[in-house]
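Letter by letter, the chains look like this.
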Amino acid sequence: MTMPATGGSVDESVSQVVMIVDPSYVPPEDESPASVPYKSIQSAVTVAMGYLEQEVPVQILIRNGVYREDVTVPGGSFAALLVIEGESRDGTILTGSEHWTEDWTLAEHAPPNTWAHAWDKDWGDFTRDEVWAASHYETAPQRLVSQSRPGSIYLSWEPPLESDREIIAYRVYRQKIGETDSFGVVAEFVEDTCWEDADIQIATAFEDHSYAYAVSAIDKYDNEGPRSGIVHSRARNPDDAGYIPYLARRRETVFANGEPLRMVETAEELKPGTYFVNDGYLRNPQDGVILVCLPEGQTPQNTTLDIPTNLNLGRKLTSACLYVVDKPNLAIRNLTVKHSVQDGIHLDSCRNVVLENITAIDNGGTGIRLSVVRSLQPKSENITLSNIAANGNGSAGIRGSRFVNLRIEHCQTNGNNWRGAWENFTAWDRGGLKLRNVHRGLIHDHVANGNYASGIWLDYNNSNVLIQDSTMVDNTRYGLVLEASQGPLSVTDCRIADNWGGLLLANASSGRLTENIIANNWRVQIDILARHDRP
């Protein structure tokens, strides 16, 4: 092992502009407007960016309260220090949900005590398995939709809004992404407003095989109109390791008195404690409806129903309560982030970061996610996560990739991936702590218990990583997974017990296990595999 990871370190002794966020503050009549606290976190961030651009460090202090907003920090690579700090960890709450108490009606032709509410959140799937595109021309087919099916891609569309002549058929165009430079006709004369393409290669976890489609209308004189908008899709094999089942691809969530209800795929499956969403994605979004079946005696009026709604459609997969992109020298502390449609906190292409004293709970995707956009930065360097509780999130507690010098200490990732567990989807990108491409890392005093997946999972291209004094107990997959990593990797003084499986070594090398307790795991204590589809 090389020198241990030190993580990020920010110099907060430098002079800073202090900005206060306090929406409850009522200023005296004689107070200068310039000294009045900001009403929202985002308004303070917007002003702070001007100081950072001038290389002036900023500290944003957030008073205790519940902030129903999604905050974006467009870092712009500005090097000046930015500190975002709550007054207290449990008292400063950033949430992506709204209380829905009005406009509920008892649903007809549904189980007893099922309540209906309009749903116009045209979100669709959180993968490329279901996408749609608008058309630029009213004489082109409208709202082209692609749906991934086992072994095929199903297309549907609406007729042109305007046409001088009678439309008798449609022409479908296809392009294989990465292999062909232009579209070719794949279906010459389709009389219906739908078509299924089965003459394609099936995508796998390691081979994308994506296709692009467009459709044009043909009139009775064989004249062809303009093409529709373009959709991209791929056919998937449900038995493939990377296939994400339907409910795990969705992000609509309902919390009743603080507890997540369970989503069902059809209205016929509704029973007390479940909900169903017909989101209008393939039709007019105004047709959407959400059905919530409550236990006997509960109503929307006597039950606190929290509905996450903070999705940013412009960056659907990176939506978060707090999203920071391309920011070096950043400290975030003393916050609770909860009820985000996707992630609690998402740091994208950030460097020299300290996250500490943060609770990320009950988010639909990942509690805390760290990623990179390679066009901005090839890796996240010098990152510290300390005293983080990323528990009870829909897919993972903490997830990230492409690190140099990552330090995670005194953190916990418990009870994550409840959404995946609904359909027994416990692998792939799910887990308590899921990391890839870590070069020089330390995981110290970490607790990963009770996840509906593996507890800690180092997957692909990890080297010089030490896991120390950590606990992985009662996870429905393995306690610890070390996969496709060249090492060196070291695991010492850890407890791995009462999981489905103890330790999995899959295509991992140059490792060392010392002074660990690996016991009472149901299937196997140490599992060693060599997979030919992984390096």
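Residues numbered from 1 in each chain as written. Predicted model: local features only at pLDDT ≥ 70, side-chain atom pairs only at ≥ 80, totals over all residues. Heavy atoms only, no water.

Student: Honestly, the overall build of the chain in this entry has me stumped. Any pointers?
Tutor: Of regular secondary structure, the chain possesses three helices and 44 strands. Scaling as 2.2 N^0.38, a compact globule of 535 residues should have a C-alpha radius of gyration of about 24 Å, and the chain matches this with 25 Å. Projected onto its principal axes, the C-alpha positions of the chain cover 75 × 70 × 55 Å. Counting the 535 residues in the chain, one finds 55% classified as buried. Counting contacts in the chain only where the partners sit at least 6 residues apart, residues at least 24 apart contribute 63% of the total. Within the structure as shown, the chain displays about 22,600 Å² of accessible surface, and the carbon and sulfur contribution to it stands at 48%. Between the centroid of the 45 positive side chains of the chain and the centroid of its 70 negative side chains there is a distance of 6 Å. (Helix = DSSP H or I, 4+ residues; strand = E, 2+ residues; numbered from the N terminus. Rg over C-alpha atoms; globule rule 2.2 N^0.38 Å. Buried < 20%, exposed > 50% of the residue type's maximum accessible area, 1.4 Å probe, protein only. Contact = heavy atoms within 4.5 Å. Areas by Shrake-Rupley, 256 points an atom, 1.4 Å probe, with all protein chains shown as cover. Lys, Arg positive; Asp, Glu negative; His and termini not counted. Charge placed at Lys NZ, Arg CZ, Asp CG, Glu CD.)

Student: Sorry if this is basic, but what is going on with unusual backbone geometry here?
Tutor: In most cases, non-glycine residues show a negative phi, while peptide bonds are predominantly trans. The omega angle of the peptide bond from Gly487 to Pro488 is 5°, so this bond is cis rather than trans. Of note, Pro488 is situated in the loop between β38 (478-485) and β39 (489-492). Positive phi values are uncommon outside glycine, yet His339 reaches one of about 60°. Along the polypeptide, His339 turns up in the loop between β28 (328-338) and β29 (343-348). Here His339 falls in the buried class, since its relative accessible area comes to 3%. A positive phi is found at Asp445, a non-glycine position, where the angle reads about 55°. By secondary structure assignment, the location of Asp445 is in the loop between β34 (431-444) and β35 (456-459). The class of Asp445 is partly exposed, set by a relative accessible area of 33%.

Student: Explain a nonpolar patch on the surface to me, please; I cannot follow it from the model alone.
Tutor: The grouping of Leu513, Ile526 and Ile528 at the surface amounts to a nonpolar patch, some 290 Å² of accessible area in total. Looking at the element boundaries, Ile526 is found in strand β44 (residues 524-529). (Patch = residues over 30% accessible without salt bridge, like charges linked within 9 Å, V, L, I, M, F, W, Y side chains within 5 Å. Salt bridge = Lys/Arg side-chain N within 4 Å of Asp/Glu carboxyl O.)

Student: I'm lost on the pairing of β35 in this one. Help?
Tutor: The two faces of the sheet receive side chains in turn, since in a regular strand these alternate between them. On β35, burial covers both faces: Ile456 and Leu458 on one face and Trp457 and Asp459 on the other are all buried. The sheet contact formed by β34 and β35 spans three bridges and is parallel. Paired with Lys434 across the bridge in β35 is Trp457. The pairing of β35 with β38 spans four bridges and is classified as parallel. Bridge pairing links Leu458 to Leu482 in β38. (Pairing = 2+ DSSP bridges.)

Student: Please explain the sheet that holds strand β40 (residues 495-497) as it appears in this structure.
Tutor: Read from one edge of the open sheet, three strands run β37-β40-β43, paired in parallel fashion. A strand with exactly one partner marks an edge of an open sheet, and here the two such strands are β37 (471-473) and β43 (517-519). Looking at each pair of strands side by side, their axes are set apart by 5° on average, direction ignored. Sheet topology note: the β40/β43 ladder contains three bridges and is parallel. Looking at β43, one finds that Ile496 is bridged to Ile518. (Axes fitted to C-alpha atoms, helices over the stretch in contact; angles between N-to-C directions.)

Student: What am I meant to see in the pattern of salt bridges here?
Tutor: Any two side chains of opposite charge can pair, so long as their charged atoms come close to each other. Within this structure, the stated rule accounts for 18 salt bridges. One salt bridge in this structure joins Glu85 and Arg333, with 3.2 Å as the shortest N-O distance. One end of the pair, Glu85, is in strand β5 (residues 82-86); the other, Arg333, is in strand β28, and 248 residues separate them in sequence. On the accessibility criterion, Glu85 (18% relative accessible area) is buried. With a relative accessible area of 10%, Arg333 lands in the buried category. Arg171 serves as the salt-bridge partner of Glu188, at 2.6 Å between the closest nitrogen and oxygen. Within this pair, whereas Glu188 is found in strand β14 (residues 184-190), its partner Arg171 is found in strand β13 (residues 167-176), the two being separated by 17 residues in sequence. Its relative accessible area of 13% is what places Arg171 among the buried residues. Linked through salt bridges whose partners overlap, the residues forming this network are Glu12, Glu85, Arg333 and Glu356.

Student: I tried to follow the side chain of Ser340 on my own but got confused; where do I start?
Tutor: Along the chain, the position of Ser340 falls in the loop between β28 and β29. A distance of 3.3 Å separates a polar side-chain atom of Ser340 from the backbone nitrogen of Gln342. Setting aside residues up to four positions removed in sequence, Ser340 forms contacts with Gly96, Pro308, Asn310, Ser319, Ala320, Cys321, Asp362, Asn363 and Gly364. (Polar contact = N/O pair within 3.5 Å; in protein donor to acceptor, adjacent residues only side chain to side chain.)

Student: Where do I start with the sheet that holds strand β7 (residues 97-99) in this structure?
Tutor: Strand pairing within a sheet occurs via backbone hydrogen bonds; the two strands may be parallel or antiparallel. The four strands are arranged β7-β26-β21-β22 in an open sheet whose pairing can be described as antiparallel. A single partner strand is all that each edge strand has here, and the edge strands are β7 and β22 (259-260). As defined by bridge partners, strand β21 (residues 255-256) adjoins β22 across two bridges and the pair is classed as antiparallel. Paired with Phe255 across the strands is Pro260, a residue of β22.

Student: Quick question: what am I supposed to make of the environment of Ser454 here?
Tutor: Turning to its location among the elements, Ser454 is positioned in the loop between β34 and β35. Accessibility expressed as a relative area gives 4% for Ser454, which makes it buried. Separated by 23 residues in sequence, Ser454 and Gly431 place their C-alpha atoms 5.0 Å apart. Those residues in contact with Ser454 that lie beyond four places of it in its chain are Thr426, Gly431, Gly432, Asn475, Arg477, Tyr478 and Val481. At a separation of 3.3 Å, a polar atom in the side chain of Ser454 contacts the main-chain amide nitrogen of Tyr478.

Student: Explanation requested: the nonpolar core in the structure shown.
Tutor: Most often, soluble globular proteins have nonpolar side chains that are buried together. The biggest cluster of nonpolar side chains holds 60 residues, and the ones touching the most others in it are Ile332, Leu347, Ile368, Leu385 and Ile467. With six residues, helix α1 (residues 41-53) is the largest single contributor of residues to this core. Grouped together as the second largest cluster of nonpolar side chains are 21 residues, Trp115, Leu261, Val277 and Ile307 included. (Core = buried A, V, L, I, M, F, W, Y, C linked by side-chain atoms within 4.5 Å.)

Student: Even after reading the chapter, I still don't get the environment of Val404, so can you show me in this structure?
Tutor: Relative to the helices and strands, Val404 resides in strand β33 (residues 396-409). Sequence separation between Val404 and Ala5 is 399 residues; the distance between their C-alpha atoms is 8.6 Å. Setting aside anything within four residues of it in sequence, one finds Val404 in contact with Lys379, Ser380, Glu381, Asn382, His439 and Arg440.

Everything listed here is a matter of coordinates, which is why it stays silent on function.
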